[in-house]
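Letter by letter, the chains look like this.
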Amino acid sequence: MPDHLRRPRRAAADNALHRACAAHFTAIYRLTPAEAHVAAALALGGRARAIAEARCVSLNTIRTLQGRAYAKLGVTSQIELITELPRLWPQKMQEN
């Protein structure tokens, strides 16, 4: 099957993972929906500029949400967020 036909299925799986991660961050760490969306996108390897463009908001807005989310999650960088994901979301990490 050509690659261009596989991408939508991958995108749907990524979207489902993103939604699950954001929901977990909201429920457990009391992030606002916007903070959780940004944190989930960053945890899954997203870039702040791309998140800002996708949400049609400024990069400064994303940086503010990022800082608030990091404070609530107890991390200080995207690298730390990614490496701490098993601690922050242990149920999902045990499934994989």
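The model shown is predicted, which means the values in this text are computed figures rather than measured ones. (Residues numbered from 1 in each chain as written. Predicted model: local features only at pLDDT ≥ 70, side-chain atom pairs only at ≥ 80, totals over all residues. Heavy atoms only, no water.)

Caption draft 1: Region of interest: the pattern of salt bridges. All chains considered together, the criterion is met by two salt bridges. When the shortest N-O distance is used, the salt bridge between Glu35 and Lys72 registers 2.8 Å. Placement of the pair is Glu35 in helix 2 (residues 33–43) and Lys72 in helix 4 (residues 59–73), with a sequence separation of 37 residues. Notably, a salt bridge pairs Arg87 with Glu84, separated by 2.5 Å at the nearest N-O pair. In this pair, Arg87 and Glu84 both sit in helix 5 (residues 78–88), three residues apart, roughly one turn of the helix. A relative accessible area of 44% means that Arg87 is categorised as partly exposed. (Salt bridge = Lys/Arg side-chain N within 4 Å of Asp/Glu carboxyl O. Helix = DSSP H or I, 4+ residues; strand = E, 2+ residues; numbered from the N terminus. Buried < 20%, exposed > 50% of the residue type's maximum accessible area, 1.4 Å probe, protein only.)

Caption draft 2: Spatial organisation of the nonpolar core. Counting 24 residues, the largest nonpolar core has Phe25, Leu31, Leu73 and Leu81 as the members making the most contacts within it. Among the elements of the structure, helix 1 (3–29), helix 2, helix 3 (48–55), helix 4 and helix 5 are those that each provide at least two residues to this core. Looking at this core, the element that brings in the most residues is helix 2, giving seven residues. If sequence neighbours within four positions are ignored, Leu81 has contacts with Ala39, Leu42, Ala43, Tyr70, Leu73, Val75 and Leu88. (Core = buried A, V, L, I, M, F, W, Y, C linked by side-chain atoms within 4.5 Å. Contact = heavy atoms within 4.5 Å.)

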